[in-house]
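What follows is each chain in one-letter form.
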Amino acid sequence: MENIYLRESPSKIYIEVTTRCNLNCSMCVKQAEGCGIRDGDFDLNLSRSILSVLPDINTVILSGIGEPLLYNSLSPLIEICKNNMQEGSRIGFQSNGMLIEKSRVRELLNSGLNLVCISVDAVSEDIFQQMRKGGNVAGAENAISIFREEALALQKELSLGVEFVITQKNYRELIYVLKDAISRGIDFAIISHLIPYDISLTPLSLYGKDTDRAIDLYERTRESYLKKGIDISRYFNIRWKLYHSEEEDKIRKAVEDMLLQAKEEKIFLNLQSILNRNQKQAEELKAIFSEAEALCKSSGVELILPGVYPRGDKRCEFIESGSVFISWYGDVHPCHFLWHKFISYISGWKKYVNPISFGNLKENSLKEIWNKPEYINFRKDVALYEYPVCSNCSLAPCDYIYSEIFEQDCYTNTIPCCDCQWCLGLFNCLR
């Protein structure tokens, strides 16, 4: 089977056309401490550096940190992409929808735009404005309707969808948002967990640290031993006792065997964290996701869901799909996680993230940068998935990954992917 990331050209391009925005969303990285993102717009002349790969590109996403509709050269850039890409390729962006006007929509559709995603996080005005300061529900709903109506009027193909960032504040609104969006003619819906760029946002996250594989192993072990009258959930109540009863020795031995099995299966298992998890809320979220799946299936709408728990089997969709990320000033990056400088609290601890760039379009073409040996080796190393799951480690936080400058993880890998939750299936974006 061919590895797409080893082709001579990338297959998907993300271009950050602007970092300027008309809203001040509380969950945006631009509002966070340590943000290294400067305001700026993509120089249209830099598009010459991507021309040689466009015939091999199946998707161009004109989004990054910022509102694409603030970029004055959006239509010309779409035209450049359309005129050089193969028939049936996708060109699109994600928008907050507040700047949508019919005339602009017609211009974009006539330029070749055929993929649009509108951010909608609530039907309740109060919750919506808490999350997207400066926006409103009516503006987002209106944007969906206008895009669908104008595409029909112009007889243009358009894949139209919504993205919903799910948090403690709004998760019970998901079904209502989907029903409204479906009534307005969407084709897909993307649901993503919140990335806490500020310590104040960590209580709003709905996911835990424990992977689905770790929880599954624990539950199978617990149920197996319960049948024998042994309750391993009591482990921390008896662990440090000087003397143990026969039953307590069996509990200790059962846990030791489980941890050994986890090690053999390369499962990071933090027993204390698993015992402390919010199981009731996880079950409620599962039920909401199941209802969302049934609703979208019956409506013919594609639904992309995050995991209720982090995924134990790592997979980087950006690397596997041959994606490349271009900043507004021309730097070329391998993925969303390593696109910008920021601080996050994804695992509950302060983490410094520094961007990784393999070149700039002002100096080399995208094809030249993509084929640099160091970039090829980076993609190969990521795809091996031989790095730990730091968020689920019983020894975390450690200096390996929570220092300001990453040098290596505890497996001596020099790629900073060990604490990336994108590859654990928690975060989604237009792709």
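Undergrad: Explain the overall build of the protein chain to me, and be specific about the residues and the numbers.
TA: Within the protein chain, the secondary structure is distributed over 14 helices and 13 strands. Relative to the 2.2 N^0.38 estimate, which gives 22 Å for 431 residues, the radius of gyration of the protein chain is 23 Å and therefore close to what a compact globule would have. Overall, the C-alpha framework of the protein chain stretches about 75 × 50 × 40 Å when taken along its three principal axes. Counting the 431 residues in the protein chain, one finds 54% classified as buried.

Undergrad: A description of the nonpolar core should follow, citing residues and the corresponding values.
TA: Core analysis: the largest hydrophobic core is formed by 145 residues, its most contacted members being Ile 13, Leu 62 and Phe 147. The residues touching Leu 62, leaving out its near neighbours within four places in the chain, are Ile 15, Val 17, Pro 68, Leu 74, Leu 77, Ile 78, Ile 91, Gly 92 and Phe 93.

Undergrad: I'd love a proper account of the pattern of salt bridges, names of residues and values included.
TA: When charged atoms on two side chains of opposite charge get close, those side chains can pair. All told, the structure shown has 21 salt bridges when counted by the stated rule. Of the charged contacts, one joins Arg 7 and Glu 2 as a salt bridge, the two residues approaching to 3.0 Å between their closest N and O atoms. Lys 253 is the salt-bridge partner of Asp 257, the closest N and O atoms lying 2.9 Å from each other. Taken as a pair, Asp 257 and Lys 253 lie in helix 8 (residues 246-264) at a separation of four residues, close to a single helical turn. For Asp 257, a relative accessible area of 32% gives the class partly exposed. Lys 253 gets classed as partly exposed once you look at its relative accessible area, which sits at 46%. Within the structure, one salt-bridge network assembled from shared partners comprises Arg 234, Lys 241, Glu 247 and Glu 248.

Undergrad: With reference to specific residues and values, describe the environment of Asp 381.
TA: With respect to the helices, strands and loops of the structure, Asp 381 is situated in helix 13 (residues 373-384). Judged by relative accessible area, Asp 381 falls into the partly exposed class, the value being 36%. Apart from the residues lying within four places of it in its own chain, the contact partners of Asp 381 are Tyr 387 and Ile 415.

Undergrad: Help me get a handle on the side chain of Arg 104, residues and values and all.
TA: Locating Arg 104 in the fold gives a position in helix 2 (residues 102-111). Despite its burial, Arg 104 remains without a salt bridge, the nearest opposite charge being carried by Glu 107 at 4.0 Å.

Undergrad: An account of the environment of Arg 104 is needed here, citing residue identities and associated values.
TA: Between the alpha carbons of Arg 104 and Ile 50 there is a distance of 25 Å; along the sequence they are 54 residues apart. Ignoring sequence-local partners within four residues, the contact set of Arg 104 consists of Leu 69, Tyr 71 and Leu 74.

Undergrad: Describe the packing of aromatic side chains, listing the residues and the values that go with them.
TA: This model, assessed by the stated rule, comprises 16 aromatic pairs. Judged by centre distance (5.9 Å) and plane angle (75°), the rings of Tyr 207 and Phe 427 are edge-to-face. Of this pair, Tyr 207 sits in the loop between strand 8 (188-193) and helix 6 (212-226) while Phe 427 is found in the segment after helix 14 (399-402), placing the two residues 220 residues apart along the sequence. Judged by its relative accessible area of 10%, Tyr 207 falls in the buried class. Note on Phe 427: relative accessible area 2%, which makes it buried. Ring centres of Phe 325 and Trp 339 lie 4.8 Å apart, and the angle between their planes is 70°; on these two criteria the pair is classed as edge-to-face. One end of the pair, Phe 325, is in strand 10 (residues 323-326); the other, Trp 339, is in the loop between strand 11 (332-333) and strand 12 (342-344), with 14 residues separating them in the sequence.

Undergrad: Go over unusual backbone geometry with me, naming the residues and quoting the values.
TA: For residues other than glycine, phi is negative in most cases, and the peptide bonds are mostly trans. Positive phi, normally seen in glycine, also occurs at Gln 155, with a value near 55°. Inspection of the secondary structure assignment puts Gln 155 in the loop between helix 4 (137-154) and strand 7 (159-166). In this structure, Tyr 385 takes a positive phi of about 55° despite not being glycine. Relative to the helices and strands, Tyr 385 is located in the loop between helix 13 and helix 14. Judged by relative accessible area, which is 17%, Tyr 385 ranks as buried.

Undergrad: Break down the packing of helix 5 (residues 174-183) against helix 10 (residues 279-299) for me, citing the residues and quoting the values.
TA: For the pair helix 5 and helix 10, interaxial distance at closest approach is 10 Å and the crossing angle is 10°. Classed by the angle they form, the pair helix 5 and helix 10 counts as roughly parallel. Counted together, Leu 174, Ile 175, Leu 178, Lys 179 and Ile 182 of helix 5 and Ile 288, Phe 289, Glu 291, Ala 292, Leu 295, Cys 296 and Ser 299 of helix 10 form the full contact between these two elements. Looking at the contact of helix 5 with helix 10 residue by residue, the classes come out as nine nonpolar, one polar and two charged.

Undergrad: Lay out the side chain of Ser 344 with the relevant residues and their values.
TA: Take Ser 344: it is sitting in strand 12. If sequence neighbours within four positions are ignored, Ser 344 has contacts with Pro 196, Tyr 197, Trp 349, Lys 350 and Lys 351.

Undergrad: Lay out helix 2 with the relevant residues and their values.
TA: For an α-helix the count is 3.6 residues per turn, leaving residues at separations of three or four pointing the same way. Looking at helix 2, one finds that the buried residues are Arg 104, Val 105, Leu 108, Leu 109 and Ser 111. Looking straight down helix 2, one finds its buried side chains confined to an arc of 160°; they lie on one side. Those residues of helix 2 that are buried are in contact with helix 1 (74-84), strand 4 (90-95) and helix 4. Among the residues trailing helix 2, Gly 112 stands out with phi positive, at a value near 125°.

Undergrad: Any details on the sheet that holds strand 3 (residues 59-61)? Residues and values, ideally.
TA: Judged by pairing direction, the sheet is mixed, and its nine strands sit side by side in the order 9-8-7-5-4-3-1-10-11 without closing on themselves. Two strands in the sheet have a free side with no partner beyond their single neighbour: strand 9 (302-304) and strand 11. Two elements, strand 4 and strand 5 (residues 115-119), share four bridges in a ladder whose sense is parallel. Along strand 5, the bridge assignment pairs Ser 95 with Ile 118.

Undergrad: Outline helix 10, listing residues and values.
TA: Helix length check: helix 10 (21 residues) gives 30 Å between terminal C-alpha atoms against 30 Å at 1.5 Å per residue, within 8%. All buried positions along helix 10 are accounted for by Gln 281, Ala 282, Leu 285, Ile 288, Phe 289, Ala 292, Leu 295 and Cys 296. Buried residues of helix 10 fall within an arc of 145° about the axis and therefore sit on the same side. Residues of helix 10 that are exposed and point more than 90 degrees away from the buried face comprise Lys 280, Lys 297 and Ser 298. Gly 300 sits one or two residues past helix 10 and shows a positive phi near 75°.

About the cut-offs
- Residues numbered from 1 in each chain as written.
- Predicted model: local features only at pLDDT ≥ 70, side-chain atom pairs only at ≥ 80, totals over all residues.
- Heavy atoms only, no water.
- Helix = DSSP H or I, 4+ residues; strand = E, 2+ residues; numbered from the N terminus.
- Rg over C-alpha atoms; globule rule 2.2 N^0.38 Å.
- Buried < 20%, exposed > 50% of the residue type's maximum accessible area, 1.4 Å probe, protein only.
- Core = buried A, V, L, I, M, F, W, Y, C linked by side-chain atoms within 4.5 Å.
- Contact = heavy atoms within 4.5 Å.
- Salt bridge = Lys/Arg side-chain N within 4 Å of Asp/Glu carboxyl O.
- Lys, Arg positive; Asp, Glu negative; His and termini not counted.
- Phe/Tyr/Trp six-rings, centres within 6.5 Å; stacked < 30°, edge-to-face > 60°.
- Axes fitted to C-alpha atoms, helices over the stretch in contact; angles between N-to-C directions.
- Parallel < 35°, antiparallel > 145°, perpendicular 65-115°, else oblique.
- Nonpolar A, V, L, I, M, F, W, Y, C, P; charged D, E, K, R; others polar.
- Arc of directions from axis to C-beta.
- Pairing = 2+ DSSP bridges.
- Expected span 1.5 Å × (residues − 1).

So yeah, pure geometry; function would need other evidence.
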